[in-house]
Amino acid sequence: LHSVPTRRSSDLYFTSNLFLQGALYSSVTQVWSRQSIGFGLVAFGTYIHVQDSYLTANNEAGLHFAHLTDSTISDNTIKSNLIDGVFYCDTNQRITLANNYIGYNTRDGINGINNSGPGTFDIDNVISGNTIEFNGNDGISIFGITGNEIVLANVIENNGASGSGPQSGIDLDRKSTRLNSSHLG
C-alpha cells in the first residue's frame, strides 16, 4: 500500500497507509500497515469490516475511525504504534471491536473520545474479547461518550508502563459505559 494524503477536520494534513472515507459495505482483510507517517488505517463509513490485519509501528494510531456505523473490527494485531493502538471519536454507532490483540502502544490501547459537542453520539459500541496489554498509559480510555459503550470479557493487563503518572486498565468518564467481566491484571 502507498501512503495517501488525507485531511483532518482541522484541515491539518496527515497520511495513512489505507484511508476509507464514506465507504459502504467494505471489507478490509489481511492488510499489513507498518511505519506509516500517520495512521495505519483510517475508516469513515457504514458496514465496514476490518479483520485479520496487522497494524504496527505507525507514527499515530494503528487504527483511527470516526463517523462509523454498523461496522466490525475483529481478529487484528494492533501493536507498537507511536500514539494509540485504536483511536475513535465523533459519532460512532453499533461498532464491534472484538478479538483483537492490542499491545505495546506508546499511549492507550484503545482511546475513545467524543469531542464534537452537542448532537454527536457514540451509541451501542461493544469492546469485547480483546487482549489489551503493555500499553504506555491506559488499556482502555473512554471519555465524553454519550450513549451505551459496552466493555465485556477483555483481558486487560500490564498497562501503564510509560511512568507518566497513574494509569489504569480501564478509565471511564461516563456512567453510560457498562463494564462486564473484563479481566484486569
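Structure: above.
Since the model is a prediction, treat every value here as computed from it, not as a measurement. (Residues numbered from 1 in each chain as written. Predicted model: local features only at pLDDT ≥ 70, side-chain atom pairs only at ≥ 80, totals over all residues. Heavy atoms only, no water.)

## Re the pairing of strand E8 (residues 86-89)
Here E8 shows two buried faces, one formed by Val86 and Tyr88 and the other by Phe87 and Cys89. The pairing of strand E6 (residues 63-74) with E8 spans four bridges and is parallel. Counted as the bridge partner of Ala66 is Cys89 from E8. Judged from the four bridges that link them, E8 and strand E11 (residues 110-113) form a sheet pairing that is parallel. The residue of E11 that forms the bridge with Val86 is Ile110. (Buried < 20%, exposed > 50% of the residue type's maximum accessible area, 1.4 Å probe, protein only. Helix = DSSP H or I, 4+ residues; strand = E, 2+ residues; numbered from the N terminus. Pairing = 2+ DSSP bridges.)

## Details of the pattern of salt bridges
Under the criterion given, the structure shown has two salt bridges. Between Arg94 and Asp70 there is a salt bridge; the shortest N-O distance is 2.6 Å. Highlighted residues: Arg94 in strand E9 (residues 93-98) and Asp70 in strand E6, separated in sequence by 24 residues. (Salt bridge = Lys/Arg side-chain N within 4 Å of Asp/Glu carboxyl O.)

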